[in-house]
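Spelled out from the first residue to the last, the chains are:
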Amino acid sequence: MKKPRRLDRPPRDAAGRTPDPALREIDEELRFHLEGRVRDLMRQGHAEDDARRMAQAAFGDLNQVRREMHDAERQRRQRQSRRDLLRDLGRDLRQGMRRLRRSPSYTAVAICTLALGIGASVAMFTVLDAVVLRPLPYTQSERLVQLFPQANQNIWLSRTLGAGTPSVESSTGLSRWALTLTGQGEATVLTVLAVDAGYFDVFDVRPALGRAFRPEDTDPAQSDVVLLSYGLWRSRFGGAEVLGRRIRLDGYLHETREIVGVMPEGFQPLGAPVDAWIPLHIPPGRDFAADSSWYVNSVVGRMTPGATLEQVTAELKGVVSDVAAANPGRMDAEQVASASAVSLLDAVVGDVRRTLWTLLGAVVLVLLIACANVANLLLSRAVGQRQDLAVRSALGANRFRLAREQLAESSLLAAAGGGLGALLAHASLIGLRVADASGLPRVAALHGGVDGRALAFALAASVGSVLLFGVFPAWRTARDAPHTGLHDSSRGGSRGRRSHSINRGLVVLEMALAMILVTGAGLMLASFAALRSVDAGLDARDVLSVRLAPSEGRYAGERARQLWQDLESRVAALPGVTGVGSIQLEPFTLGNWSFPYLAEGVPPAADGHLETANIRMVTPGYFSAVDMPVLSGRPLTAEDRQGAPRSLLINHAMAEELWPGEDPLGREIRIFGSLSYRIVGVVGDVHQHALDLEPLPEMYVPHAQWGPPPVSMVLMVEGPELSALTSAIRDIVRSLDPDIPIPSAQPLSELLDASMDRRRFFAGLLGAFGGIALLLGGLGVYGVMSHLVGTRLPDFGVRLALGAGPRDVQREALLSGLRPAALGLALGSVGAMATAQLLRAALYGVPPVHVPTFVGVGLVLGAVAVLATWMPARRAARVDPLSVIRVD
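Residues numbered from 1 in each chain as written. Predicted model: local features only at pLDDT ≥ 70, side-chain atom pairs only at ≥ 80, totals over all residues. Heavy atoms only, no water.

Scanning the protein chain from terminus to terminus reveals 27 helices and 21 strands. Burial statistics for the protein chain: of 888 residues in total, 49% are counted as buried. The contacts in the protein chain between residues at least 6 apart in sequence include a share of 80% that link residues at least 24 apart. Carbon and sulfur atoms make up 57% of the accessible area of the protein chain, which totals about 40,300 Å². (Helix = DSSP H or I, 4+ residues; strand = E, 2+ residues; numbered from the N terminus. Buried < 20%, exposed > 50% of the residue type's maximum accessible area, 1.4 Å probe, protein only. Contact = heavy atoms within 4.5 Å. Areas by Shrake-Rupley, 256 points an atom, 1.4 Å probe, with all protein chains shown as cover.)

In C-alpha cells form, the structure reads like this:
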C-alpha cells in the first residue's frame, strides 16, 4: 500500500525549528487541524493510515495550502512594513522640520548655500542640454551628416558629393540668402534658404500645404517657385489661400515666384529661423569648371541605415579626389585631404561642446563646495546635540533611528535648497536673457527657462547632495557610543582631535576646489580682457551702421551707382554727420565674399590652383567714416568710377603675403582671371569677423567699378541721438524708394560687442561660478573656525588664566585656521594647473599657466581665509577666563 503523503516540512534551524516564528505558527496550526481530523476518523474505526489518507483528501493539497498561507502572510507583513516605514519617515520628517524651525539662522544659511550650488548647476545643465545633449529635432537625426564641411562648394560639386557616396541615400546643398519681399505691405527682408529637391527627404519633412520641390524645379527656367514658412504665411498673408499666387521676391534670378507650398508650423532648419525656401538652380549640362555658383554654404546628407561616418568619409574622399584629378588647378591637396563627413549635430555645435562640458565640471565644483559647507554645518550642529542624542540613546533609542532622523533633516535641507535653486536657475536664464546674449547655437529652448529635464537634474542634484553632505554626519551619529556624548559634555562639548580634523579636512577641500574654480574664472576674465584690448583696425565708436536691401534686379549698374550717390549725399547733409561711406558686408559679422585671384609677379601653385582673398566693395568715404588708416598710396576717390582704370586697395596682410618687404603700389591683380585691377593703396588690417580671428588677405574695390550695390552705410556721428538720426535716414530712403527696406540700424560698436558674445558669456559664467566659490569658501572657513574656537573656549580661558597673553591665544587660533587653508590653496594650485589645460581652446592671448592670474587668485583667496579666520580668533583672545572656567 502506498504511504500517505505528509505535509512538507519547511527548512529548520539548528534547534530543528522553522526560523520564522510567524510561518512556524502557520505550519503548527495546519498540522494541529490535520492531526485532529485523523484522530476523529480513528475514533470512528478507521485504521491510522486510512484515517490520515482520508484527512488529507478532505484538506486537499496541504503543501499548496501551506504555500498560499505563507505567501499571504509575507504580503501582509510587507504591507505592514511599508506602512511602518512611511509612518516612521513621516515622523522623522516632522521631527526634522521642528528642529529646523527652532534654528532659523542655521536653516537659512544651509538652504541658501545649497540653493546657490544647485541653482548654478541646474542653469549650466540647462544650457548644456539645450546645445549639446538634445538630439536634433529630425527623424533619426543620428543619420544626418554634413559633407566636406571645410569649404564652400558650387552647386555642381555639392550635388556630385551627395550622388557619389553610396552610403548617403539623399543629400542637399544649403545656401542662405537675404531677399526683399515687396508688394505685400511694407517691404521687408526675408531670410531665404536655397535648397535641392532632396532637402525634404534629408530632413524627412513635407509641406503642410501644397507640394515640395521637384527635381525639375532646379532648372533655371522652372525654378521660379517658393515655399513659405508657417510664420510668414500667417503674419504677411493672414493664413489665406496662397497656392499658385505669385509674389515679388527680389534677387536670385527670379523677381517673382509662384507659391507652391507652406512648411509645417515650428519647423526651423538647424535651429535658425527661415522665412522661405527656393530651389538651388543650375543649367543642365554644367560641369565643375563652368559652374560659378560658389555660394553653397554646406551640404547635408542622410546616411543609409547601418552606414558609419568612417564609411561615408572614405567614399567622399574618393569623389573629391576624382573631381580634383579631372579639374587640374581647381582644388588643392589640402582641400582634397580635408574631405570628410561629420555628424550634423557636431557640425552645428562646433567647438563649444568641450567648453560647455568644462563649465559643467566647474559648476560641479561649486556644488561640492556648497555640500562641504553644509556638511560642516551638520557636523557642528551634531556637536551641540550630542548630549541630547546620548541621553536618548541611553533611554532606548537605537542608533539607526538617530541616524535616520539626521538623514531626514538633511533631506529636508536638500529638498528646500533644490527647489530654491531651480527657481534661481529659471530666473537667471530668463532675467539674463541667456538665449539672446550667449551667442551659442541651438539656444531657442532657453527662452522658456528651466524645463522638465532640468527639474529632473535638480532632483538628482538634491539627492546627490544628501549623499554628499548628509550621510557622513548621520553615520557619525550612529557610530558614536551612547556614553561618548555624556563624557564629552564634561569639557564643554569638545569632540576631540579626530572630529576637529574632519572639519579641517573639509576646509582643505573647500579651499582647494575654490582655488581651481576661481583660477579658471580668472583665466577666462584675463582672456576676455586681452581680447577687448585687441585693435579692431577701425574705430567703431560714434559710428552708426545702417543696413539696406535694395533689389539687385532693379538696382544694377548705373542705376545702383546713382541711388547710392543720392543716398550718401543726402545723409551727409544731416546735422551731426561728419562722414559717410558704404560697404557691401558689415564689419564684425560672418558675411564674406572670397574670390580667386592672380597677382603680378607671384606665380600660381604648381598644380595651377589659384589663391583666394576676401573682397570688400566700398564707396570712397568708407575709410574716413570708420577711421581706417591708409598705410601707403591713396584712398579710393570719386575719380575711381565706371570707365576709369580699375583701382583697388589691399590690406597689409595681403601685401606681406604677396610681396614681403616690397612696395605693392602699381602692381596688377587679376580677379577671376579676367578683371584686372591696379593697387593704388595699402590699408590697415581689420578683424572683420571677430577680434579673436586673425585678419585675412583682403581687397577693397570701388563700388562704381563693381556690379551690385553695397548694403551697409556707415556714418560717423557727433552730437545727435542715434534714434533721431535713424528716423531721418528712414525718411530719406522712403523718399527715394519706399520698397527699399532697412533691416537694421545700430551702432557699429554693438556689432563689435556682439561678435564677442560667446566669449563674454563663457567669461561671465565662469566668473559668476568663481564668485560663488569665493563666497562659499570664505563662509566655510569662517563657519569652521567659529565652531572650533567655540569648542575650545574653555582651553583658551585656562591658558589666559595661567598667564598667556591675548595675542598668543589669537595667534594660535589664527594659525589653526590658516594651516588647513594654506594646504588647500597649495593642493588647489596643483589642480588648477592641470585643469587649466581644459580651457586652452577657450583662451585668447593668455597661456593656461598664467602666472599673474595664479598669483592674484592665491592672494585673494589667502586674504579671504585670513579675514574669515581672524574674526573667530579675535573672539578667542577676548574671552573672559573666569566666566568660561566657572561654566566648565
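Let's pick the thread back up.
This part takes up the packing of helix α5 (residues 155–163) against helix α8 (residues 309–326). Packing of α5 against α8 leaves a shortest axis separation of 9 Å and a crossing angle of 140 degrees. Classified by the angle between their axes, α5 and α8 sit oblique to one another. For α5 against α8, the interelement crossing comes out right-handed. Of α8, the residues touching α5 (which contributes Trp156, Leu157, Thr160 and Leu161) are Leu316, Val319, Val320 and Val323. (Axes fitted to C-alpha atoms, helices over the stretch in contact; angles between N-to-C directions. Parallel < 35°, antiparallel > 145°, perpendicular 65-115°, else oblique. Left-handed = near helix turned anticlockwise from the far one by under 90°.)

By the secondary structure assignment, glutamate 510 is in helix α17 (residues 497–532). The class for glutamate 510 is buried, based on a relative accessible area of 1%. Look past the residues within four positions of glutamate 510 in its chain and what remains in contact with it is Ile369, Ala372, Asn373, Asn376, Leu776, Gly777 and Gly780.

Counting 149 residues, the largest nonpolar core has Val127, Phe203, Trp277, Leu356 and Phe769 as its most contacted members. If we ignore the near neighbours within four places in the chain, the residues touching valine 127 are Leu356, Leu429, Val434, Leu440, Leu446 and Phe761. By size, the runner-up hydrophobic cluster in this structure holds 41 residues, among which are Phe237, Ala276, Val312 and Met331. (Core = buried A, V, L, I, M, F, W, Y, C linked by side-chain atoms within 4.5 Å.)

Here serine 744 lies in strand β21 (residues 744–747). Discounting residues that sit within four places of it in the chain, serine 744 has contacts with Ser545, Val546, Arg547 and Glu586.

What follows concerns the packing of aromatic side chains. Applying the stated criterion across every chain yields a total of 15 aromatic pairs. For the ring pair phenylalanine 125 and phenylalanine 457, a centre distance of 4.3 Å and an interplane angle of 0 degrees mean the geometry is stacked. Residue phenylalanine 125 is found in helix α4 (residues 104–133), and its partner phenylalanine 457 is found in helix α15 (residues 452–479); the two are separated by 332 residues along the sequence. Put simply, the rings of Tyr138, Tyr199, Phe200, Phe203, Phe213, Phe267 and Trp277 pair up and form one aromatic cluster. The lysine or arginine in question, arginine 234, covers the ring of tryptophan 233, its NZ or CZ lying 5.8 Å from the ring centre. Over the face of the ring belonging to tyrosine 677 we find arginine 646, whose NZ or CZ atom lies 5.8 Å from the ring centre. (Phe/Tyr/Trp six-rings, centres within 6.5 Å; stacked < 30°, edge-to-face > 60°. Lys NZ or Arg CZ within 6 Å of the ring centre and 35° of its normal.)

As a further point, take the environment of alanine 194. Looking at where alanine 194 falls in the secondary structure, it is placed in strand β3 (residues 188–195). Exposure remark for alanine 194: the relative accessible area of 0% places this residue in the buried category. Alanine 194 sits 20 residues away from leucine 174 along the chain, and the two C-alpha atoms are 5.9 Å apart.

Okay, the pattern of salt bridges next. Where side chains of opposite charge bring their charged atoms close, a pairing between them can arise. Within this structure, the stated rule accounts for 27 salt bridges. Between glutamate 48 and arginine 52 there is a salt bridge, with its nearest N and O atoms 3.8 Å apart. Residue glutamate 48 and its partner arginine 52 are located together in helix α2 (residues 48–59), separated by 4 residues, close to a single helical turn. Across the pair arginine 159 and aspartate 196 runs a salt bridge whose closest N-O atoms are separated by 2.7 Å. (Salt bridge = Lys/Arg side-chain N within 4 Å of Asp/Glu carboxyl O.)

So, on to the packing of helix α18 (residues 558–572) against helix α21 (residues 722–736). As a packed pair, α18 and α21 sit with axes 10 Å apart at the nearest point and diverge in direction by 145 degrees. At the point where α18 passes α21, the crossing takes the right-handed sense. For the pair formed by α18 and α21, the contact residues are Leu563, Asp566, Leu567, Arg570 and Val571 on the first element and Ile729, Ile732, Val733, Ser735 and Leu736 on the second. A breakdown of the residues in the contact of α18 with α21 according to their chemical character gives 7 nonpolar, 1 polar and 2 charged. (Nonpolar A, V, L, I, M, F, W, Y, C, P; charged D, E, K, R; others polar.)

Before going further, it helps to spend a moment on helix α25 (residues 806–835). Compared with an ideal rise of 1.5 Å per residue, which puts 30 residues at 44 Å, α25 spans 43 Å between its outermost C-alpha atoms and is within 8% of the ideal. When the local axis directions of α25 are compared, the greatest deviation, roughly 25 degrees, occurs at leucine 818, which is followed within four positions by the proline proline 820. (Expected span 1.5 Å × (residues − 1). Bend = angle between axes of the 7 residues up to and from the residue.)

Between its first and last C-alpha atoms α18 spans 21 Å; for 15 residues at 1.5 Å apiece the expected length is 21 Å, and the two agree. Along α18, the positions that sit buried rather than exposed are Ala560, Arg561, Leu563, Trp564, Leu567, Glu568 and Val571. Across the axial projection of α18, the buried residues extend over an arc of 160 degrees, all falling on one side. In this fold, the buried residues of α18 make contact with β12 (577–583), β20 (712–717) and α21. (Arc of directions from axis to C-beta.)

Once that is clear, we can look at the environment of threonine 835. Position of threonine 835 among the secondary structure elements: in helix α25. At 3.4 Å, the side chain of threonine 835 forms a polar contact with the backbone oxygen of alanine 832. (Polar contact = N/O pair within 3.5 Å; in protein donor to acceptor, adjacent residues only side chain to side chain.)

Moving on to the pairing of strand β17 (residues 668–671). Across the two faces of β17 the burial differs, with Ile669 and Ile671 buried and Glu668 and Arg670 not buried at all. Relative to strand β18 (residues 675–683), β17 runs antiparallel, the two sharing 4 bridges. Bridge pairing in β18 places arginine 670 opposite serine 676. (Pairing = 2+ DSSP bridges.)

There is a patch of nonpolar side chains on the surface, built from Leu407, Leu459, Val463, Leu467 and Val471 and spanning about 430 Å² of accessible area. If you tally residues by element for the nonpolar patch, the top one is α15, at 4 residues. Residue placement: leucine 459 occurs in helix α15. Among the residues examined, leucine 459 registers a relative accessible area of 57% and is labelled exposed. (Patch = residues over 30% accessible without salt bridge, like charges linked within 9 Å, V, L, I, M, F, W, Y side chains within 5 Å.)

Of the residues in the protein chain, 87% have a pLDDT of 70 or more, and the chain-wide mean is 83. A low-confidence stretch, residues 1–8 (pLDDT under 50), is modelled with 21 contacts involving residues beyond four sequence positions or located in other chains. (pLDDT = per-residue confidence, 0-100.)

This brings us to the environment of leucine 114. Inspection of the secondary structure assignment puts leucine 114 in helix α4. Accessibility expressed as a relative area gives 0% for leucine 114, which makes it buried. The spacing of leucine 114 and alanine 370 is 256 residues in sequence and 5.7 Å in space, taken between C-alpha atoms. When neighbours within four sequence positions are excluded, leucine 114 is seen to be in contact with Gly119, Val374, Leu413, Ala414, Gly417, Ser465 and Phe469.

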